[in-house]
Each structure stands twice: as C-alpha cells, then as structure tokens.
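Coordinate inspection notes
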Amino acid sequence: VMAEKAGYKHFMLKEIYEQPRAIIDTIRGKYSLEEGEIYFGEVDYETIKDIEKITIVACGTSWHAGLVGKFYIENFAKIPVEVDIASEFRYRNPIATNKTLLIPISQSGETADTIAALRMSKKMGAKVVSICNVVGSTIARESDGVIYTHAGPEIGVASTKAFTTQLASLFLFALFLGQKKGVLEKSEIKSILNDLIQLPEKIEEVLKHDKQIEDIAKEFVRYKNFLYLGRHYNYPIALEGALKLKEISYIHAEGYPAGEMKHGPIALIDKEMPVFVLGTKSRVYDKILANVEEVKARDGIVISTVTKGDKDIISKSDYSFILPVTLEELTPFLNSIIIQLFAYHASNLLGLDVDQPRNLAKSVTVE
Ligand code: G6P
C-alpha cells in the first residue's frame, strides 16, 4: 500500500502533488503555441456550431469546476452558460433544445444524478459533450463527445487532481469555442496559451508552501467554524475550500462569494471564526480588500492568499500565502492547491482518516 502511495502518507497528498503532471497530460495535444490554435478532435464542432446556450451539470467538487467553467466560456466564447447541480436540474423543469449544449462534468462518470440529467437533456434534443476522468464510464458512453481529463485514478474520496484537470479542460474548451466563434484572435490565444503552459511550474512553486500551510493549520485546527471568501473566478474556489475542510476535517465551513458577506455571514464574524480569503490579483482585488477590512474591523482573523508583490491584503491579513503571478483566469488553480493542502493538514493533524472520511463515498451511484 505504501508503494501505491509512492512514499506519501495518504493518497490525497500524493494526488495533490500529482497536479502539475495531471494538467500537462490533460492539455497535451490540444494546442499549438506556434499557431495560436486549439484542437478538440473528440468534439465534432459541426454538430454544435449552432448552439445558443450551454448548460453545465455536475455534483460536489465537479459542480465547483462547472461554476468556474461558466466564467471561462462566457469570457472567452461569449456563449451564455447556466450551471446547475444535477440533483436540482433533474427535478425541476429544465429547458433544453437542439440548440443547447449540455456539459456534464464527472470524475467517475457514474454519479446517478448527473447521469439522469444527461439522459433528460438528450431526450429534449440537447447535444452532450462531457468532461470525465474514467474511460468507458456511463457518462462517457452516453455522450456525443467526451473530453477526458487525464488525472489518472483518483483514490482519495476528496477530489483534488480531478478538479484541477476539469478546470484545465474547461479553460481550453472555452478557448476552443472562442476561436471557432471568432471571438478570440490568434494573437490572443497565443498569449493566453503562453501563460497556460507555465502553469504546471507555478503549481510546483505553490506546492513548496506545504510546510508553511501545515504550520498554519496547526494554529487553526482547534477552531469549529471557518468562512471562505472569494469573488469572480475564485468564488467557486471559496466553495471548494469550505467543502474540502468539511469533508475531511469535519470542521464546519461556509464558502461565500465575498460580496454576499454583508448579507448574512458578517454577523458571525468574531475571534472564533477564521476567514480564509482568496485575495490574488484580479479585477475584483479592491473589492476583496474592502471585505478584508470589514472582517478586521470586527476582530476577525484573516488567512489570505495573495499574489507576489501584494501590499494591501497582505498587510491587513494575519497570515498570507504568496502565490506566483499568473493570468487572472488561472488563479483558481493556484488557490486550489492552498485550500487543498490546508484541508489535508487539518485532517491529518486531527488524526482523521484523510482518504476515507466518514459517511462519504468516492462515487455516489445511487440517489
Ligand atoms: C462524491 C465525491 C466527490 C465528488 C462528487 C461528484 O461526493 O465524494 O469528491 O466531487 O461525488 O463525483 P463525480 O464522480 O461525478 O465527479
């Protein structure tokens, strides 16, 4: 068993460290930097060229990837996207037509609610291109096209490398759609790709924070509640940060889009509820800074991620992780590494079963 874990104490830790490799494998063969072009041989573009709307359905961590995917697709391809939790989608009266592209996202390809959402949409005439990690799984078999994430087998119940490879697939697919629709010029695609290919190295750099994250986790494992805040591209990462902590450390955590803080969660802020802020450089940086100030004004404790060179959020935070400079669109990847390692260390320090948390299953194949 130790051999399977390649010397790591848990599968989850191994899988966190595999992310640079997993992302390289996932994007390989899908682009040419010289040409400024994206390729998706697995998707028959002719059959989806007239779509007017994209619907993403997923559960759990895969749903969080879908939320980021909406930003990518709307930003790069200008196609409207709705994102729904599969168990909600299937029990409302969702609208899909032959002008709808459904994108189910699933690591396992066997999640019962996601399969049901796929089948319903197909009946209504939607085209289906799924993002999936398991070759030959039910979702892969029933889709018109499959974009495979090449994360490799994910054993830890809490998803890590499957998540960031889903993000990478969505990022490239959004660029592909933007290229096909003529929204993006070759030069823009080249410049974006240039940042994307540097991402694995930047993730390696973030992984070097491991010890610092463990030290900070030590200070915080006694707390009973956490709030995670992010905006725009990193709002879904705030949700994911809270989910990871809940799943494996059993510490209660809420993830919120930071702008919603004043509509409720701010009432909870005091010395007993640390606030984890995703504060990397972005178009909403000043807004996040204001949220940090609001937390500090109420004696809250702030743990933040910031971009190298940051002055404001870092000076107002109690603890910060300094991340490499990257394209704003790619900051969710770097922030993900921090929240994953934080949850991992919290769980490990508490002596819990990191890879097999109580009451949870790797794949929810029945309702
Ligand atoms: C379970 C797992 C999660 C996963 C979710 C969706 O809840 O514990 O890690 O995100 O199912 O699974 P899927 O295989 O469809 O991505």
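Residues numbered from 1 in each chain as written. Predicted model: local features only at pLDDT ≥ 70, side-chain atom pairs only at ≥ 80, totals over all residues.

This paragraph deals with the sheet that holds strand 5 (residues 100-106). The sheet built from five strands is open, its strands ordered 4-3-5-6-7 with parallel pairing. Looking at strand neighbours, the two that pair on one side only are strand 4 (81-85) and strand 7 (145-148), the edges of this open sheet. Within the sheet, the average angular offset between the axes of one strand and its neighbour, ignoring direction, is 20 degrees. The sheet contact formed by strand 6 (residues 127-132) and strand 7 spans four bridges and is parallel. Residue S130 lies in a different strand from strand 7, and its bridge partner there is V146. The strands that helix 4 (residues 60-77) touches are strand 3 (53-58), strand 4 and strand 5; relative to strand 3, the one it contacts most, it runs at about 165 degrees. In the packing of helix 6 (residues 112-123) onto the sheet, the strands contacted are strand 3, strand 5 and strand 6, and the crossing angle to strand 5 comes to about 165 degrees. (Pairing = 2+ DSSP bridges. Helix = DSSP H or I, 4+ residues; strand = E, 2+ residues; numbered from the N terminus. Axes fitted to C-alpha atoms, helices over the stretch in contact; angles between N-to-C directions. Contact = placed C-beta atoms within 7 Å.)

Packing of helix 9 (residues 186-207) against helix 14 (residues 331-349) brings their axes to within 10 Å, and their N-to-C directions diverge by 25 degrees. In terms of their interaxial angle, helix 9 and helix 14 are classed as roughly parallel. In this structure, helix 9 crosses over helix 14, and the sense of that crossing is right-handed. Each of L199, K202, I203, V206 and L207 in helix 9 lies in contact with helix 14, whose residues at this interface are F333, L334, I337 and I338. A per-class count over the contact of helix 9 with helix 14 returns eight nonpolar, no polar and one charged. (Parallel < 35°, antiparallel > 145°, perpendicular 65-115°, else oblique. Left-handed = near helix turned anticlockwise from the far one by under 90°. Nonpolar A, V, L, I, M, F, W, Y, C, P; charged D, E, K, R; others polar.)

Once that is clear, we can look at the sheet that holds strand 8 (residues 225-230). The strand order across the open sheet formed by five strands is 9-8-10-11-12, and the pairing between neighbours is parallel. Whereas interior strands pair on both sides, the edge strands pair on one side only; in this sheet they are strand 9 (252-257) and strand 12 (319-323). Going across the sheet, the axis of each strand differs from the next one's by a mean of 15 degrees, ignoring polarity. Strands in contact with helix 11 (residues 235-249) are strand 8, strand 9 and strand 10 (275-278); relative to strand 9, the strand with the most contacts, it is inclined by about 175 degrees.

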